[in-house]
Amino acid sequence: MRTRGGRSSRPRPADSGGVAAVGYDAGLCLANRRSSMGAVAGLRTRMPLVIAVIVGLIAVVVTYVVLRRDPGEAGADKRAGCEPIEVSSSTEKADLMIELARRYNASDTLYGGKRCASVTVHRLTSGAAAEALGSGWDEQRDGGPAPQVWTPTASLWLQLARHRETTGGKQVMPAAGTQMPSIAQSPLVISMPKPMAEAFGWPNREFGWSDVLALASDPQGWGRYGHPEWGRFSFGKDNPHRSTSGLAATVATYYAATGLSRELTAADLTQPNVINFVRGVEAGVLHYTDDAVKFLGNLAEADAKGAAMSYVSAVVHQEQLTFLYNKGNTTGDPKVKGKAPTVPLVPMVPRDGTLMLDHPYVVLPSASAAQREAAGDFLAFLQQPAQQAVFAAMGFRDHQGNAGPELTQTLQIPAGQKLNLIQPPVGEVLDKILAGWDDLRKKARVLLVLDVSGSMKEKAAGDISKLEAAKNAAIASLDLLHPDDEVALWTFSGQRPNGAQPYTERLPTSRIRDAKQQLTDIIRALSADGGTALYHTTRAADAYMRERLDADRINAVVLLTDGRNEYPADNDRAKLLRDLDGSRLENSVRIFGIAFGEEADLDTLEQIAKVSRAAAYDARDPASVDKIFSSVLSNF
């Protein structure tokens, strides 16, 4: 039965009685103590837990989109005499899963299964893994052996993968209707700086997607609530094609537009009022990203300068990330012991419905009977209290959805909180939601700036030059943009005769639908020569975009360089960073830098990204430039 009014008829998880929450170090001690008492009998080592919740720090390579084998991590400590199994984990919990697999492999007992396992864990984002499994796993292309177990961030990807199976009738995913066990959970929340939440009416007033729509469409912005100095309402959201929180947020928005809490249909998506609601919510997006941690890093920078309300009004992500941020963790890596922010975030569960990101443990049909038995024992290990305490120390709820005391206290979760959970749509509807989002998302105005200095003639990967590799990546990335997105193209090198500027406008701002072929032809014809006027070109690109700012679009610069500044006439980096200050929210331009090749000045690109509230990307391995360009374009 479909229900209206924002209340689901589905059973809701209990909100108390979960694993006793402990600090990060205390969680490890608890795990070891219980091991000695027999809960994890035979544990022979006490290795430090190395956790990275989100791989993809601000200004760090985002090649986590690709499966990454870490010989010193993933394949260590094989368990002799046990059935080998490969586990593909979503990136935000991959390092934890790797460490827990080591602990499991070091033991000599069964935990509830019929056969012991020798576990190897690898990392791959949920969206990329779903695509790889659905299209046929390729060990060389996907970076490692095909998994027998897949643990994405949410069952949404399983639903989508089931719908997209394209392997000639071979069953790749478990049959529809099969319930997948969870290893940890975290609900989707809208996190807001505490003063903004209080201005809205928290904790006495709930917040939801309809409020996002009202705030985003109100020209008074925060002035409506007595704070015009905070400017227009804007929020950070991940790209749903790449990120689970982005996908879940888009699903929740469609549900809120219909007033339903379950059984969303394809016909519901095409209703004019639904389309207008979703488009209105997306209009409030500051910019998209493939990793919500980037928003949190930028917010922490603003907080450190006493300007936490100058950057973004809200961020949509897992509740667990709010926990880490309020603990002083600005990277998403729980081993970081940072200083708590002056202005904490308040996680608000949307009153018109949210999803529980359930981190399912999916044993794939390709697993043999022996592998299935072994996978069952590893699952039993992960669900034991000792391992659940370690998940809790990271800010997760337990595998039944219960919030522990530390999570409850840190985030001020109301006693007896009841989550208004909506039903995940079937795969066909999810596919149509993504297709609809492509049209309804906030459009972009992007200036693409390519380095054509002489060093770009050097070899990249294979037999092609760095310039050719960059040109190929840039052309391929154009397919990721919407026909209504706008793009301009500049190239730059160094000192030019007769005092000419070191940069050249190759194409003025044009809609992709009108200029894609022309832009492709121009890029193909580029050649390289000269030095690198990095600072001067970056400043000019920022000024160019500010003059053409469109408040209804994401305004950004994508700058690729393989070198360092070699332009004596403009050699003051500190002044450049002051000039690019993005604290003026209404007029800011995001500058996304790509450090291409070993000699690229990644540090400067990181600083540029930091002051402009964007992100820098590490493509110093030239072979990664295609994937990096794809990741950069996911911001739009």
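See the structure printed just above.
Procedures and definitions
Residues numbered from 1 in each chain as written. Predicted model: local features only at pLDDT ≥ 70, side-chain atom pairs only at ≥ 80, totals over all residues. Heavy atoms only, no water. Helix = DSSP H or I, 4+ residues; strand = E, 2+ residues; numbered from the N terminus. Buried < 20%, exposed > 50% of the residue type's maximum accessible area, 1.4 Å probe, protein only. Core = buried A, V, L, I, M, F, W, Y, C linked by side-chain atoms within 4.5 Å. Contact = heavy atoms within 4.5 Å. Axes fitted to C-alpha atoms, helices over the stretch in contact; angles between N-to-C directions. Parallel < 35°, antiparallel > 145°, perpendicular 65-115°, else oblique. Nonpolar A, V, L, I, M, F, W, Y, C, P; charged D, E, K, R; others polar. Pairing = 2+ DSSP bridges. Disulfide = S-S within 2.5 Å. Polar contact = N/O pair within 3.5 Å; in protein donor to acceptor, adjacent residues only side chain to side chain. Expected span 1.5 Å × (residues − 1).

**What about the environment of Q179?**
With respect to the helices and strands, the residue Q179 is situated in the loop between α5 (156–163) and β4 (186–193). For Q179, a relative accessible area of 71% gives the class exposed.

**Observations regarding the nonpolar core**
Where a protein is soluble and globular, its nonpolar side chains tend to be buried together. By size, the foremost hydrophobic cluster in this structure holds 109 residues, and its most contacted members are W150, W209, F233 and F629. Contacts of W209, omitting those with residues within four sequence positions, involve L188, I190, A249, A252, T253, A256, F277, V281, V316, P350, D352 and G353. Of all hydrophobic cores here, the second largest spans 31 residues; its members include I85, V149, A374 and F378.

**Let's talk about the packing of helix α17 (residues 466–477) against helix α18 (residues 512–524)**
Where α17 meets α18, the closest approach of the two axes is 9 Å, and the angle between their N-to-C directions is 175 degrees. If you check the angle between α17 and α18, you find them roughly antiparallel. Contacts from K471, A474 and I475 in α17 reach T520, I523 and R524 in α18. Counted by class, the contact of α17 with α18 contains three nonpolar, one polar and two charged residues.

**A short note on the sheet that holds strand β2 (residues 117–123)**
If you trace the four strands from one edge of the open sheet to the other, you get β2-β1-β3-β10, paired in mixed fashion. The open sheet is flanked by β2 and β10 (362–363), the only strands paired with a single partner.

**Brief notes about the state of the cysteines**
Enumeration according to the criterion identifies one disulfide in this entry. Between the sulfur of C82 and that of C116 lies a disulfide, 1.9 Å long from S to S. What sets the handedness of the C82 and C116 disulfide is the S-S torsion sign, and at about -95 degrees it is left-handed. Here C82, found in the loop between α1 (24–36) and β1 (83–89), pairs with C116, found in the loop between α2 (94–106) and β2; they are 34 residues apart in sequence, far enough to count as distant. As far as burial versus exposure is concerned, C82 and C116 are alike and both buried.

**Concerning the side chain of D570**
Along the chain, the position of D570 falls in the loop between β14 (554–561) and α20 (573–579). Reaching out from D570, the side chain makes a polar contact with the side chain of H536 at a distance of 3.4 Å. Among residues more than four places away in sequence, those in contact with D570 are Y535, H536, R539 and N565.

**Here we look at α17**
Relative to the 16 Å expected for 12 residues at 1.5 Å per residue, α17 spans 16 Å between its end C-alpha atoms, a close match to the ideal helical length. Every buried residue of α17 is accounted for by K466, L467, A469, A470, K471, A473, A474, I475 and S477.

**Focus on the sheet that holds β14**
Judged by pairing direction, the sheet is mixed, and its six strands sit side by side in the order β13-β12-β11-β14-β15-β16 without closing on themselves. The open sheet terminates on both sides in strands that have one partner only, identified here as β13 (503–511) and β16 (616–619). Ignoring strand direction, the axes of neighbouring strands in this sheet form an average angle of 15 degrees. Relative to β14, strand β11 (residues 444–451) runs parallel, the two being bridged by seven bridges. Directly across from V449, in β14, lies its bridge partner L559. Sitting on the sheet, helix α21 (residues 602–611) is in contact with β14, β15 (590–596) and β16, with an inclination near 165 degrees to β15.

Purely spatial values, then, with no claim about function.
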